[in-house]
Amino acid sequence: MLDYYKLCLVVLFLFLVKFPCQSQFTDDFTDGDFIADPVWNSSNKSGDGADFQVQNGELQSKGPAASSTIWISNSNLPDMHQQKVVWQFTARYDASPSGSNNTEIYLFCDNSDLSSTADGYFIRLGESGNDDGIDLFKIGSSTPLIADPNPSIASGYMVNIRVTRDTSGKWELEADPSGGFAYVMIGTAVDKEFTTGSHFGFKVEHTSTRSQAFFFDNISISSSDIKAPDLVSVEVVSRSQLDLIFSERLETSAGEDINNYFVSDGIGYPSSVTVDEADSRIVHLDFASDFAKGKMHQIEIKGVQDLSGNAISSIFYGFVYFVEELAAFKDVIITEIFADPSPPNDLPEREFIEVYNNSNKVFDLANWQFSDLKDTAILNSSYFFPGDYLILCPEEAAPELAPYGQVMGLNNWPTLNNNEDFLLIRDAHNRVTDSVHYSSSWYKSSLKSDGGWTLELIDPANLCGSGGNWTASEHLSGGTPGAINSVISENPDFTPPLVTEVFGLRADSVVVRFNEVLDTDIVPGNFIINPAVEVSSVIPGSGLDEIGLKLSDQLHGSITYSLKVNGIRDCSGNLIDEENLYDFYLVEPADSFEIIINEVLFNPYSGGVDFVELYNNSSKHVNLKDLLLANGEKLDGQYHSKQIFPVAASNIVLKPHNYIALTESSIVLKENYPRSDERNFNEVKRLPAYNDDTGVVILLNPDSAVLDLFEYSEDLHLALLADKEGVSLERISFVAPTNESNSWKSAASAAGFATPGYINSQVSKGFQTNSGQIIAEPKVIVPDGSGHNDYTTINYAFDKAGYIVTTRILDAFGRTIKILGENDYLPAEGFYTWDATDEVGSKVRTGYYLVFLEAFGLNGEVLRFKEKVVVGTKF
């Protein structure tokens with residue numbers, strides 16, 4: 001019987017030779033083993049090294065004498081992507097199969113261990129019950145892809161099975177249950193979930209008495225190429241050359257036929273075609289015409305054949321010829337800014353900027369950057385052609401702005417400040433192509449600066465106009481995204497540049513800032529410093545509106561320097577006024593109590609923001625970039641910093657006796673406190689979190705040493721305030737210790753409950769007190785929160801420090817109303833404050849009160865002082 005099967009297989013093989021065939025795997029076990037040619041891998045549940053053996057030219061199971069699952073597999077499968085694959089094999093079992101004695105033939109799967117494979121397909125022979133058929137399964141599914149409608153193997157079997165799968169995923173299952181080759185179709189199915197798998201094999205589940213009852217033979221796995229080649233990729237070699245890479249080797253004559261290739265947009269057929277000699281999957285095309293730079297062309301391919309004669313009917317593939325050109329300054333410029341879309345006009349209520357290709361170059365915008373001083377967004381790949389506009393916006397806004405023109409939505413969008421911001425466009429090499437430092441004054445209209453209108457560039461040819469070259473849009477919708485600006489006109493720049501700020505950043509370097517972009521022709525001789533310090537080199541800033549000067553000698557902090565600038569032009573060619581002199585100083589590090597915490601808003605209005613105001617309490621010029629702001633907590637009598645953030649992201653110099661308010665939103669802060677001085681705001685990316693009731697504000701130097709510290713509490717507010725939300729605490733004296741309750745008062749209602757950026761509403765007037773007396777000023781207080789005589793300051797002066805003092809407020813009957821201090825160990829001079837409240841925080845009645853201070857010296861001295869204060873009211 002076996003010889004008959006072998007003869008039939010020989011006939012079958014001769015039949016298959018007539019067709020193109022890329023791989024063939026057979027094994028009829030006539031060599032007496034499965035160890036070599038081909039190599040099979042077996043489980044070893046029996047402990048004999050393998051759970052199968054070859055007997056009389058058949059593969060026979062040889063599992064342990066116990067219930068077990070054994071397997072055997074090999075990895076000689078063909079590629080199934082391009083091939084039609086046919087599996088044939090013989091399976092024999094002399095008893096009725098069951099759920100305990102059955103076989104699974106894995107056609108292809110992802111693991112040589114058939115007991116743990118997860119992807120693939122298999123034939124199952126045997127199941128519980130009497131309906132045993134020949135079924136095709138997908139691994140992971142209990143429902144057959146093809147179910148045998150007959151009990152073909154219910155009473156034992158010697159069956160020949162043939163399975164066919166083509167590249168479309170169509171399966172055919174055939175069998176001859178009589179053991180011959182008169183195959184009968186069991187069924188068909190389509191499934192192509194799994195397309196890879198390098199292992200074929202047999203898995204047997206047996207009982208203890210059936211461990212050697214399963215036989216397999218006459219295995220043949222053949223494949224034939226029935227699929228046309230796929231185009232894997234197109235490589236643009238030059239402006240007139242392409243390389244095509246296919247999925248398989250090509251027949252040369254069809255591959256080199258120029259009529260099989262055609263490129264759109266006037267390029268046409270290639271002038272020559274060559275199939276690569278070393279790798280016939282590659283075809284080289286040369287064209288007589290050049291590809292358009294940055295434009296999407298399309299190539300059509302047809303008639304190309306693989307070695308089996310499978311021809312491509314038609315393939316279309318797009319490609320772009322692009323060679324990077326370096327962007328120069330102002331090649332790509334910002335032409336429109338929509339920083340304040342609320343309240344909306346007719347445009348979508350979405351922020352955007354518009355950029356314009358102001359050159360004759362094509363740019364791929366991949367990895368270009370749009371940024372402000374806080375955030376940076378990375379642009380996507382997109383070809384940007386000369387004269388084109390592009391709308392940049394937050395990613396979620398892109399669908400709303402798409403009707404207006406070419407749009408690109410960006411992640412990590414730099415939120416545009418309504419009043420002022422500094423915007424930059426950088427290319428993929430981090431070079432600035434444009435920068436705009438806009439402000440709300442550029443609208444030149446108080447109505448339009450309130451929102452709903454864009455800022456438009458007036459003259460794209462004027463590359464240096466700054467604010468004079470921008471104005472509010474005149475379009476009825478509020479702006480012109482993606483189109484020429486409504487205010488477009490000639491607006492040449494005839495104004496010379498101005499110096500806006502000078503400071504000695506370090507002992508050997510000076511920073512000079514200008515109000516507009518400069519010409520790049522800048523040399524050390526353009527700058528003269530007096531007293532004489534030679535400028536050895538210049539370092540232009542990224543926006544070309546800031547110049548760093550490297551010095552050959554050292555600056556000194558005690559000297560006032562002057563700078564004269566000559567020979568510098570803006571990028572429109574206007575020469576700077578050479579008569580102006582600019583005083584500057586060396587920036588110096590701050591010591592303790594030189595930069596102080598001056599005002600804190602920790603419980604803002606709903607929707608508002610915190611702020612911390614600093615004051616330069618020294619004669620130094622201090623760079624805030626070197627300082628850190630923190631919150632903290634007090635543990636075991638010691639303060640510990642927690643969140644720590646920079647005070648400034650760039651060089652900001654705080655001049656002597658000047659203020660600066662740190663906040664996360666300058667816009668919101670100004671809206672909440674309209675009287676504030678926004679010129680003295682610094683918007684930071686993040687402030688430490690300050691609780692609404694109690695907390696610690698800590699100012700640190702670059703080495704994290706404490707410069708100033710304030711442990712605040714809502715209890716420091718005026719007790720008579722009905723609502724403390726939105727009310728700041730203000731320092732009342734620059735000389736008083738920061739972390740003392742007497743040093744802080746609620747901001748006055750008359751000042752709008754906060755004074756960010758300018759002098760505090762509750763600042764003490766600092767009356768002179770002679771030694772050996774106390775003075776209360778003012779003598780009459782009206783505690784209504786208005787900021788006018790809300791409290792009295794009790795200034796004292798002793799002949800020496802070290803007295804132990806108790807200070808009380810007495811009423812007209814001599815009763816103690818409030819104890820301001822008890823057994824305080826005091827310096828020679830200082831002060832207390834009283835806000836007309838008693839010990840429980842209630843307002844006292846109007847009338848006369850007595851400040852009684854009793855001091856005890858270490859040598860037994862006793863000093864007593866009295867001062868009258870009147871508590872009044874408004875009628």
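Residues numbered from 1 in each chain as written. Predicted model: local features only at pLDDT ≥ 70, side-chain atom pairs only at ≥ 80, totals over all residues. Heavy atoms only, no water.

Caption draft 1: Molecular detail of the overall build of the chain. Tallying secondary structure elements over the chain gives four helices and 60 strands in all. In summary, the chain has a C-alpha radius of gyration of 44 Å against a globular reference of 29 Å for 875 residues, an excess of more than 25%. For the chain, the C-alpha atoms occupy an extent of roughly 130 × 75 × 55 Å along the three principal directions. Counting the 875 residues in the chain, one finds 52% classified as buried. Looking at the chain alone, contacts between residues at least 24 apart form 61% of all its contacts between residues at least 6 apart. Counting 59 positive and 123 negative side-chain charges, the chain places the averaged centre of each group 7 Å from the other. (Helix = DSSP H or I, 4+ residues; strand = E, 2+ residues; numbered from the N terminus. Rg over C-alpha atoms; globule rule 2.2 N^0.38 Å. Buried < 20%, exposed > 50% of the residue type's maximum accessible area, 1.4 Å probe, protein only. Contact = heavy atoms within 4.5 Å. Lys, Arg positive; Asp, Glu negative; His and termini not counted. Charge placed at Lys NZ, Arg CZ, Asp CG, Glu CD.)

Caption draft 2: Just the sheet that holds strand S56 (residues 804-810), in detail. The five strands are arranged S54-S60-S59-S56-S57 in an open sheet whose pairing can be described as mixed. Looking at strand neighbours, the two that pair on one side only are strand S54 (780-781) and strand S57 (816-825), the edges of this open sheet. Alignment of S56 against strand S59 (residues 847-856), held across seven bridges, turns out to be antiparallel. Note that in S59 the partner of Ile804 across the bridge is Phe856. (Pairing = 2+ DSSP bridges.)

Caption draft 3: Structural detail: the packing of aromatic side chains. Enumeration over the complete set of coordinates arrives at 41 aromatic pairs. With a centroid separation of 6.4 Å and 20° between ring planes, the pair formed by Trp87 and Phe108 is classed as stacked. A residue pair is termed long-range when its members are at least 10 positions apart, and Trp87 in strand S6 (residues 83-93) and Phe108 in strand S7 (residues 102-109) qualify at 21 residues. For the pair shown, Trp87 and Phe108 are each scored as buried. Arranged with centres 4.3 Å apart and planes meeting at 5°, the rings of Tyr93 and Phe214 form a pair that is stacked. In this pair, Tyr93 is assigned in strand S6 and Phe214 in strand S14 (residues 214-225), connecting sequence segments 121 residues apart. In terms of burial, Tyr93 and Phe214 fall into one category: buried. Counting every residue linked through ring pairs, the aromatic cluster contains Phe25, Phe29, Trp40, Phe89, Phe200, Phe202 and Phe216. In this arrangement the basic side chain of Arg92 is found over the ring face of Phe215, its NZ or CZ atom lying 4.0 Å from the centre. (Phe/Tyr/Trp six-rings, centres within 6.5 Å; stacked < 30°, edge-to-face > 60°. Lys NZ or Arg CZ within 6 Å of the ring centre and 35° of its normal.)

Caption draft 4: Focus on the environment of Asp790. Secondary-structure assignment places Asp790 in the loop between S54 and strand S55 (792-797). Along the backbone, Asp790 and Pro778 are 12 residues apart, and their C-alpha atoms lie at a distance of 9.3 Å. Look past the residues within four positions of Asp790 in its chain and what remains in contact with it is Gln762, Val782, Pro783, Asp784, Gly785 and Asp835. Polar contacts involving the side chain of Asp790 include one to the main-chain amide nitrogen of Asp784, which spans 3.3 Å. (Polar contact = N/O pair within 3.5 Å; in protein donor to acceptor, adjacent residues only side chain to side chain.)

Caption draft 5: How the structure looks around the confidence of the model for the chain. For the chain, mean pLDDT is 90; residues scoring 70 or higher make up 96% of the total. Predicted confidence is poor over residues 1-22, with pLDDT under 50, and the contacts of this stretch with residues over four places away or in other chains come to 31 contacts. (pLDDT = per-residue confidence, 0-100.)

Caption draft 6: Representation of the pattern of salt bridges within the structure. Scanning the model with the defined rule gives 33 salt bridges in all. The partner of Asp375 in a salt bridge is Lys685, and the shortest N-O contact between them spans 3.6 Å. Remark: Lys685 occurs in the loop between strand S48 (681-683) and strand S49 (694-700) and Asp375 occurs in the loop between strand S25 (369-371) and strand S26 (376-378); sequence separation between them is 310 residues. Across the pair Lys620 and Asp591 runs a salt bridge whose closest N-O atoms are separated by 3.2 Å. One end of the pair, Lys620, is in the loop between strand S42 (611-616) and strand S43 (622-623); the other, Asp591, is in the loop between strand S40 (581-584) and strand S41 (595-601), and 29 residues separate them in sequence. A relative accessible area of 14% places Lys620 in the buried class. With relative accessibility at 43%, the residue Asp591 sits in the partly exposed group. (Salt bridge = Lys/Arg side-chain N within 4 Å of Asp/Glu carboxyl O.)

Caption draft 7: Molecular detail of unusual backbone geometry. At the junction of Asn530 and Pro531, the peptide bond is cis and its omega measures out at -5° in the coordinates. With respect to the helices and strands, the residue Pro531 is situated in the loop between strand S36 (527-530) and strand S37 (535-540). Here Glu777 and Pro778 are connected by a cis peptide whose omega angle stands at -5°. Within the fold, Pro778 resides in the loop between strand S53 (773-777) and S54. The phi dihedral of Lys330 falls on the positive side, at around 75°, and the residue is not glycine. One can find Lys330 in the loop between strand S21 (315-320) and strand S22 (332-338). Judged by relative accessible area, Lys330 falls into the buried class, the value being 11%. The backbone of Lys444 sits at a positive phi, close to 55°, despite the residue not being glycine. Positionally, Lys444 belongs in the loop between strand S31 (432-439) and strand S32 (455-457).

Caption draft 8: Molecular detail of the nonpolar core. Residues Trp87, Ile123, Ile134, Ile161 and Phe202 are the most contacted members of the largest nonpolar core, which totals 46 residues. Counting residues per element, this core draws most heavily on S6, at five residues. Ignoring sequence-local partners within four residues, the contact set of Ile161 consists of Trp87, Gln88, Phe89, Ile123, Leu125, Ile134, Leu173, Glu174, Ala175 and Tyr183. (Core = buried A, V, L, I, M, F, W, Y, C linked by side-chain atoms within 4.5 Å.)

Caption draft 9: Spotlight on a negative patch on the surface. A cluster of like negative charges, contributed by Asp692, Asp693, Glu714, Asp715, Asp723 and Glu725, occupies part of the molecular surface. You can see Asp693 is positioned in the loop between S48 and S49. (Patch = residues over 30% accessible without salt bridge, like charges linked within 9 Å, V, L, I, M, F, W, Y side chains within 5 Å. Areas by Shrake-Rupley, 256 points an atom, 1.4 Å probe, with all protein chains shown as cover.)

Caption draft 10: A look at the environment of Val862. Structurally, Val862 is set in strand S60 (residues 862-871). Owing to a relative accessible area of 37%, Val862 belongs among the partly exposed residues under this scheme. On a C-alpha basis, the gap between Val862 and Ala705 in space is 41 Å, while along the polypeptide they are 157 residues apart.

Caption draft 11: Region of interest: the sheet that holds strand S50 (residues 706-713). One open sheet accounts for four strands, arranged S45-S44-S49-S50; its pairing is antiparallel. Of all the strands in the sheet, just strand S45 (638-646) and S50 have a single pairing partner and so form its edges. Strand-to-strand twist in this sheet, taken as the mean axis angle between neighbours without regard to direction, amounts to 30°. Here strand S44 (residues 628-635) pairs with S49 via four bridges, running antiparallel. Bridge assignment links Leu628 to a residue of S49, and that residue is Leu700. (Axes fitted to C-alpha atoms, helices over the stretch in contact; angles between N-to-C directions.)

Caption draft 12: Representation of the pairing of S14 in the model. Summarising burial for S14: 12 of the 12 residues are buried, a large majority. Summarising the sheet, strand S4 (residues 58-61) and S14 pair through two bridges and their orientation is antiparallel. Following the sheet pairing, Gln60 is matched in S14 by Phe215. Direction of pairing for S6 relative to S14: antiparallel, over a ladder of 10 bridges. Paired with Val85 across the strands is Ser223, a residue of S14.

Caption draft 13: Layout of the pairing of S41. Of all seven residues in S41, seven are buried; the element is thus mostly enclosed. Summarising the sheet, S41 and S42 pair through six bridges and their orientation is antiparallel. Bridge pairing in S42 links Glu599 to Glu613. Examined bridge by bridge, S41 and strand S51 (residues 729-731) share two bridges and lie antiparallel to one another. Note that in S51 the partner of Val600 across the bridge is Leu729.

Caption draft 14: Quick look at the side chain of Thr837. In this fold, Thr837 is placed in the loop between strand S58 (829-834) and S59. For Thr837, a relative accessible area of 1% translates into the label buried. In terms of polar contacts, Thr837 uses its side chain to reach the side chain of Lys818, at 2.9 Å. Apart from residues lying up to four places away in sequence, Thr837 is in contact with Ala719, Lys818, Ser842, Lys843 and Val844.

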